[in-house]
Amino acid sequence: MADSNATNDIPDDGPSALPTARSFPNGVPILIDAEAGITLRAPGRHDLAAIVEQCRDPGMIRWTTVPTPADGYQLRDAEEFLTVIAAGWTSGQRLGWTIEGQRGSTRGFCGSIDLRIEGDDVAEMGFGLHPEARGRSIMTAALNLVCDYGFEVAGLEVIRWRAAVGNWASRRVAAKAGFVFDGTVRRLLVHRGELLDGWIATLTRADPRTPQSWLHPVDLWGDGVRLRAFRSWDVDRIVEACSDPDTSYWLGSMPQPYQRDSARAYLEGIAELAARGVGVAWCIADPEDDSCLGSITLDGLGGYAKRGEIGYWAHPNARGRGVVAEAVRLVTRHARDSGLATSLLIRCAIGNAASRRVAEHAGYREIGVQPASEPLRDGQITDLVLYSNP
């Protein structure tokens, strides 16, 4: 296999070559982002060991279609990958680069990225990052370079991104690069013999490439409470809270029985709110042992009117301690100080005395009643009392 400095031993072009075709490796354009400290170049044999490391990473195996033979991803698989990239350049159908940058104490292979030409001035992105290179926005910088090349050199009009539902790291990269999220398509992707639901996002030549809004729950500290992002180990406490008869009765739309899969779906749902820039949720945590005491959500954001709605529930062990009211005060202050919302609303079922006390103790006042608008677990439709913070 030719490396990045060898004489090309594959025909430069053929009758089927596209205008994007280049000789490999010498004709592969070098793309540089000096500020990010990365160079995109042709992959070569000196990248093979790092490619193997990347493709053995559990995240790569879970979310991509890297080969997973019984003996694991091997050197021969990496060599085959180089052959595919070489053929892609010479045909002009798959333009692939190595991302070179700082990885630990050395400079070298940090990942790979490619542009898959589909015709009609449309292409699709693919990328993967070595585990030691993650968390430094390297992939966002690489994606911007390749999109520049796609629009300015390859003459593309549309570049698409797709990923399996749940691949939040990949979705964040696309959002930072300005890709506009188009939605979820059921059974979009074939993955190891299964059809998976997939996300799709689009970037057009005319788009401003503004990073898409993505909300993050900053840590907030108050009297006897800490608000933080939910974590995977909160699942069992969520199940306990949402299996409680009182919680289940007043939040009638929750699944019952409430199981671990229900809790994981809840966490995916609040992650989706954040990704769309319309809501953010915090785990109400004990500041001493960090255990989950409940949840508080600020939802309905993103509009010019700067309106938002606060919702909450508490673990049975947390009730009567004032932690939820304190959480409401913290989120109210944060929403206004950060500019997320200036007008805030809380809605409580008219008979839910505990929830109404939380709103009142947090400084909210009753402003009206929304009749027959909240389903309860027993099938009743009850009124909602509306609270606002002056």
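None of these values were measured; they are calculated from a predicted model.

> In this structure, what is going on with the overall build of the protein chain? I would like to understand it.
The helix and strand tally for the protein chain stands at 10 helices and 16 strands. Taken over the C-alpha atoms alone, the protein chain extends approximately 80 × 45 × 40 Å along its principal axes. Counting across all 390 residues of the protein chain, residues that qualify as buried make up 48%. Looking at the protein chain alone, contacts between residues at least 24 apart form 61% of all its contacts between residues at least 6 apart.

> Looking at this structure, how should I read helix α3 (residues 75–91)?
Each α-helix winds once per 3.6 residues, and so residues spaced three or four apart point in a common direction. Under the 1.5 Å per step criterion, the end-to-end length of α3 is 25 Å for 17 residues, consistent within 8% with the ideal 24 Å. The complete set of buried residues in α3 reads Asp77, Ala78, Leu82, Ile85, Ala86, Gly88, Trp89, Thr90 and Ser91. Where α3 is buried, its residues touch α1 (48–55), β3 (94–103) and α4 (138–152). Just beyond α3, the residue with positive phi is Gly92, at close to 80°.

> Help me understand unusual backbone geometry, please; the structure alone is not making it clear to me.
Cis geometry marks the peptide bond from Phe24 to Pro25, where omega comes out at 5°. Take Pro25: it is sitting in the segment before β1 (31–33). Following Gln256, the chain continues to Pro257 via a peptide bond in cis, the omega torsion being 0°. Turning to its location among the elements, Pro257 is positioned in the loop between α7 (245–250) and α8 (260–276). The phi dihedral of Arg187 falls on the positive side, at around 55°, and the residue is not glycine. Looking at the element boundaries, Arg187 is found in strand β7 (residues 180–191).

> Please clarify how the pattern of salt bridges should be interpreted in this entry.
A side chain of one charge can pair with a side chain of the opposite charge if their charged atoms are brought near each other. Inspection of every chain in the model, using the stated rule, returns 30 salt bridges. Ionic pairing is found between Arg228 and Asp234, a salt bridge with its closest N-O pair at 2.9 Å. Here Asp234 falls in the buried class, since its relative accessible area comes to 1%. Across the pair Arg228 and Asp290 runs a salt bridge, and its minimum N-O distance is 2.9 Å. Note that Arg228 is positioned in strand β10 (residues 225–228) and Asp290 in the loop between β11 (280–285) and β12 (292–299), a separation of 62 residues in sequence. Under the relative-accessibility criterion, Arg228 is labelled buried at 0%.

> Even after reading the chapter, I still don't get the sheet that holds β11, so can you show me in this structure?
In a beta sheet, neighbouring strands are held together by backbone hydrogen bonds and run either parallel or antiparallel to one another. Ordered in space as β9-β10-β11-β12-β13-β14-β16-β15, the eight strands form an open sheet in which the pairing is mixed. Sheet topology places β9 (220–222) and β15 (365–375) at the edges, where each strand pairs with a single neighbour. Each neighbouring strand pair of the sheet contributes to a mean axis angle of 25°, computed without reference to strand direction. The sheet contact formed by β12 and strand β13 (residues 307–314) spans six bridges and is antiparallel.

What counts and how
Residues numbered from 1 in each chain as written. Predicted model: local features only at pLDDT ≥ 70, side-chain atom pairs only at ≥ 80, totals over all residues. Heavy atoms only, no water. Helix = DSSP H or I, 4+ residues; strand = E, 2+ residues; numbered from the N terminus. Buried < 20%, exposed > 50% of the residue type's maximum accessible area, 1.4 Å probe, protein only. Contact = heavy atoms within 4.5 Å. Expected span 1.5 Å × (residues − 1). Salt bridge = Lys/Arg side-chain N within 4 Å of Asp/Glu carboxyl O. Pairing = 2+ DSSP bridges. Axes fitted to C-alpha atoms, helices over the stretch in contact; angles between N-to-C directions.

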